[in-house]
Number of protein chains: 2
Amino acid sequence: MPEPVAKFAVTVDLVILTVQRDVLHVLTVTRAVPPFEGRAALPGGFVHPDEPLPAAATRELSDETGLPHDAGHLEQLATYGEPGRDPRGRVITVAYLALLADPPQPAGSADWTATGPLLADPAALAFDHHRILSDGVERARAKLEYSSLAAQFCPPEFTIAQLRRIYETVWGTRLDPRNFHRKVTGTPGFVVATDHHTSSDRGRPARLYRRGPATSLHPPLLRR
Amino acid sequence: MPEPVAKFAVTVDLVILTVQRDVLHVLTVTRAVPPFEGRAALPGGFVHPDEPLPAAATRELSDETGLPHDAGHLEQLATYGEPGRDPRGRVITVAYLALLADPPQPAGSADWTATGPLLADPAALAFDHHRILSDGVERARAKLEYSSLAAQFCPPEFTIAQLRRIYETVWGTRLDPRNFHRKVTGTPGFVVATDHHTSSDRGRPARLYRRGPATSLHPPLLRR
DNA sequence: GAAATAGTGTCTTTGAGACAATATGGG
DNA sequence: CCCATATTGTCTCAAAGACACTATTTC
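Values in this document were obtained by computation on a predicted structure and should not be read as measured data.

Peer 1: For the overall build of chain A, give the residues involved together with the corresponding values.
Peer 2: The helix and strand tally for chain A stands at five helices and nine strands. Along chain A, from the amino end to the carboxyl end, the secondary structure elements read β-β-β-β-α-β-β-β-α-α-α-α-β-β. Oriented by its inertia axes, the alpha-carbon framework of chain A measures out at about 70 × 40 × 35 Å. In chain A, of all internal contacts separated by at least 6 residues, the share reaching a separation of at least 24 is 64%.

What follows is the structure in C-alpha cells.
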C-alpha cells in the first residue's frame with residue numbers, strides 16, 4: 001500500500017555577502033506584496049521543474065546582481081523547511097551563500113544592507129531569514145579560519161592590508177598588521193605576488209597580490 | 001502574471017555512522033524494489049506534509065535503528081536535488097548525518113556496512129548515495145578536528161584509548177597515545193574523569209571518562 | 001624632516017611531536 | 001619477574017603574538 005507522496009514548493013534563498021567601506025553587507029530586497037509587505041528579505045525564488053539546485057542559485061545570483069554566472073564564490077549553506085516558516089503554506093528553501101568583491105549597485109528593490117543591525121534585530125527580516133542570515137555569516141566567519149575564502153571579498157589584485165581588513169571586518173577583531181603579513185605571505189599558495197604596487201595615498205606603496213591556488217589553510221588562521 | 005509553482009517530492013536520507021571493531025560502518029538497507037533492486041542504499045523516506053525536516057530525520061533514525069529519539073548526534077548534512085538523481089522522477093533529498101555509539105543490530109533489511117569498500121566503489125550504492133556518503137564521512141572527519149564530536153562514537157563511559165581509536169579509525173591515521181592523552185585531558189570540558197576504572201584485560205587499568213560540556217576544541221586537534 | 005603605511009627581524013610563549021620514564025594491572 | 005597498557009614528564013621544534021626597527025612614499 002504505497003502511501004501518497006506529499007509534494008512541496010521549493011525555493012532557493014541567497015545570502016550574498018560583500019564588504020563595503022569596512023562593513024559587512026548583505027543583499028536584501030524589499031517585499032512588494034504580503035506577507036511581510038515592505039519588509040526586507042533575502043533574495044530568492046522558486047526552483048524550476050527541471051532545474052538543478054546550483055543552477056537555480058546561480059540564476060538568482062546573476063538576476064539580482066547583474067553579475068556573470070561565474071562571478072564570486074557560491075556554496076550551499078543549509079535547508080530550512082519548518083512548516084509555518086511561510087504563512088502562505090509549506091515551502092522548503094535551500095539557502096546558498098555567496099561572497100562577492102565590490103559588486104555593482106543592484107537594480108530594482110534590491111540593496112546592500114549592513115549586516116550588524118539585521119543580526120541584532122530578529123524581526124528585521126521577513127520569514128526565517130534572520131536565522132538564515134545568521135547561519136550564513138557564521139559560516140563565512142568560520143571558513144575564513146581554515147580556507148582562503150577571504151580573498152573572494154577582494155578584487156583581482158589587492159594589498160595585504162586590504163585582505164587583513166576583510167578579516168577584521170568579518171570577525172570584528174583587530175589583527176596585528178605585521179604578524180598578519182608574515183602569516184599570509186608565508187602560507188604557500190594563499191596569495192601570489194605581482195610586480196604591481198599601489199599608488200599610495202599615504203605611506204609607502206604596497207605590493208599587489210592575486211589569489212593563489214591554495215583553497216585550504218594549513219595551519220589555520222585562528223580567531224582569538 | 002504569477003507563474004505556476006513547481007512542486008517536488010522531498011525525502012530525508014541518513015548517513016548513520018558508527019565505529020565497530022575499529023572500522024567505520026554506515027547503516028545501509030537493501031532495496032527490495034526497482035530501481036536499483038537488490039542494491040544497497042542509505043536509509044531514508046519521504047517527508048510528511050506537516051512534518052519538520054529534523055522530525056523526519058529523527059523519525060527515520062529511530063525507525064531504522066530502534067533507538068530512542070534523543071540517541072546520538074544528528075545534524076543536517078546537505079541537500080541533493082539533481083534532476084535525474086532518481087530515475088522515477090524529480091526528488092529532492094535533505095541528507096542528515098548521525099553518529100552513534102554501539103547501536104543494536106538493526107531489524108529488517110538494514111545492516112551495518114564498512115565504509116571502506118563503499119567509498120572505493122562509486123557504484124556500490126544506489127542513486128547518488130555514494131556522493132552523500134562521501135560528504136558525510138568527510139564532514140565527520142573534518143568535525144573531529146575542531147569539535148568534541150568523537151566522543152559521540154563512544155559509550156557513556158570510555159577510556160582515553162577508546163577515544164583515540166575513534167580518531168585513528170575515522171582519520172585512518174596513527175596518533176601518539178601519550179600526546180593524545182595530554183591533549184584530550186588538557187582541553188577543558190572535552191572529557192570529565194570519573195573514579196571508575198576498566199578491569200584491564202591486559203596492562204594497567206585505564207580511568208573511565210564521560211563526555212564533557214565543551215562542544216568545540218580550542219585549539220583544534222589537527223590531522224597530519 | 002614629520003607623518004603614515006609597508007614590510008622585516010627578533011624575542012617570548014604556546015602548543016605539537018618525539019620519546020624516556022614511571023605506574024599498575026595480569027600472567 | 002615479565003609483559004602490556006596507562007599516565008606523566010622532558011626535550012625540541014614550529015608557529016603565534018608582541019613589538020623594535022627599517023623602507024618608502026606624501027606633505
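Peer 1: Describe the interface of chain B and chain A, naming the residues involved and giving the relevant values.
Peer 2: Contact residues are listed per partner, giving 28 residues for chain B and 28 residues for chain A. Across the interface of chain B and chain A, roughly 2,300 Å² is buried in total on both sides, 64% from carbon and sulfur atoms. One can count zero salt bridges joining chain B with chain A. Counting across the chain B and chain A interface gives eight residue pairs in polar contact (both at pLDDT 80 or more). Of all the elements in the fold, those that place two or more residues in the side of chain B that touches chain A are strand 1 (7-20), helix 1 (53-65), strand 5 (73-80) and strand 6 (91-99) of chain B. When the residues that make up the side of chain B that touches chain A are grouped by side-chain class, the tally is 18 nonpolar, four polar and six charged. For strand 1 (residues 7-20) of chain A and strand 1 of chain B, the ladder comprises three bridges, and the chain directions are antiparallel. Paired with K7 of chain A across the bridge in strand 1 of chain B is A9 of chain B.

Peer 1: Could you give an account of the protein's contact with DNA strand C, with specific residues and numbers?
Peer 2: Taken together, 22 residues sit near DNA strand C, with R202 and R207 of chain A together with R178, N179 and K183 of chain B positioned nearest. Counting only atoms of DNA strand C within 4 Å of the protein, the fraction found in sugar and phosphate groups is 55%. Taking R202 of chain A, its side chain carries an N or O atom lying 2.4 Å from a phosphate oxygen of DNA strand C. R207 of chain A has a polar backbone atom sitting 2.8 Å from a phosphate oxygen of DNA strand C. When residues of the surface near DNA strand C are traced back to their parent elements, those giving at least two are helix 5 (177-186) of chain A together with helix 5 (177-186) of chain B. With four residues, the single largest contributor to the surface near DNA strand C is helix 5 of chain B. Taken together, the residues of the surface near DNA strand C sort by class into six nonpolar, five polar and 11 charged.

Peer 1: Break down helix 4 (residues 160-171) of chain A for me, citing the residues and quoting the values.
Peer 2: Residue and element names in this part refer to chain A. Taking 1.5 Å per residue, 12 residues should reach 16 Å; helix 4 reaches 17 Å between its end C-alpha atoms and fits that length. Here helix 4 has its buried residues at I160, L163, R164, I166, Y167, E168, T169, V170 and W171. Residues of helix 4 that are buried in the fold lie against strand 1, strand 2 (23-30), helix 3 (129-146), helix 5, strand 8 (191-197) and strand 9 (207-211). Where helix 4 terminates, the next one or two residues include G172, which has phi positive at roughly 70°.

Peer 1: I'd like to hear about the relation of the copies chain B and chain A, residue by residue, with values.
Peer 2: Expressed as a screw transformation, the operator carrying chain B onto chain A has a rotation angle of 180° and an axial translation of 0.0 Å, and the superposed copies differ by an RMSD of 0.0 Å. Both copies are brought into coincidence by an operation consistent with a two-fold rotation axis. When you check the interface residues of chain B against chain A, 100% turn up at the interface there too, and the contact is symmetric in its surfaces.

Peer 1: Hey, could you go over the protein's contact with DNA strand D for me, with residue numbers and the actual values?
Peer 2: Around DNA strand D sit 23 residues in total, of which R178, N179 and K183 of chain A together with R202 and R207 of chain B are the nearest. If you look at DNA strand D and keep only atoms within 4 Å of the protein, 59% of those are sugar or phosphate atoms. Side-chain polar atom of N179 of chain A to a base nitrogen of DNA strand D: 2.9 Å apart, as the coordinates give it. Side-chain polar atom of R202 of chain B to a phosphate oxygen of DNA strand D: 2.3 Å apart, as the coordinates give it.

Peer 1: For the domain arrangement of chain A, give the residues involved together with the corresponding values.
Peer 2: Residues and elements named next belong to chain A. With domains assigned, chain A is organised as domain 1 (9-143) and domain 2 (147-211). Computed over C-alpha atoms, the centres of domain 1 and domain 2 are 27 Å apart. Counting residues at the interface gives 14 residues for domain 1, matched by 11 residues for domain 2. In this structure, the connection of domain 1 to domain 2 is made through three residue pairs in polar contact (both at pLDDT 80 or more). Counting only elements with at least two residues in the side of domain 1 that touches domain 2, the list comes to strand 1, strand 2 and helix 3. Broken down by element, the residue count for the side of domain 1 that touches domain 2 peaks at three residues, all from strand 1.

Peer 1: Outline the environment of I132 of chain B, listing residues and values.
Peer 2: Residues and elements named next belong to chain B. Turning to its location among the elements, I132 is positioned in helix 3 (residues 129-146). Accessibility expressed as a relative area gives 0% for I132, which makes it buried. For the pair I132 and L42, spaced 90 residues apart in sequence, the C-alpha separation works out to 8.8 Å. Beyond its immediate sequence surroundings of up to four residues, I132 is in contact with D13, V15, L42, L77, Y80, R85, T93 and A95.

Peer 1: With reference to specific residues and values, describe unusual backbone geometry.
Peer 2: Each neighbour pair has its own omega, and for P34 of chain A with P35 of chain A the value is -5°, a cis peptide bond. Mapping P35 of chain A onto the fold places it in the loop between strand 2 and strand 3 (40-41). A cis amide bond, omega -5°, links H218 of chain B with the succeeding residue P219 of chain B. Note on placement: P219 of chain B falls in the segment after strand 9 (207-211). The phi dihedral of R21 of chain B falls on the positive side, at around 45°, and the residue is not glycine. Position of R21 of chain B relative to the elements: it lies in the loop between strand 1 and strand 2 (23-30). Look at R21 of chain B and you get exposed, because its relative accessible area is 69%.

What counts and how
- Residues numbered from 1 in each chain as written.
- Chains lettered and ligands numbered in written order.
- Predicted model: local features only at pLDDT ≥ 70, side-chain atom pairs only at ≥ 80, totals over all residues.
- Heavy atoms only, no water.
- Helix = DSSP H or I, 4+ residues; strand = E, 2+ residues; numbered from the N terminus.
- Contact = heavy atoms within 4.5 Å.
- Buried area = accessible area lost by both parts, 1.4 Å probe.
- Salt bridge = Lys/Arg side-chain N within 4 Å of Asp/Glu carboxyl O.
- Polar contact = N/O pair within 3.5 Å; in protein donor to acceptor, adjacent residues only side chain to side chain.
- Nonpolar A, V, L, I, M, F, W, Y, C, P; charged D, E, K, R; others polar.
- Pairing = 2+ DSSP bridges.
- Near = heavy atom within 4 Å.
- Expected span 1.5 Å × (residues − 1).
- Buried < 20%, exposed > 50% of the residue type's maximum accessible area, 1.4 Å probe, protein only.
- Least-squares fit on C-alpha atoms with pLDDT ≥ 70 in both.
- Domains from an automatic or database assignment.

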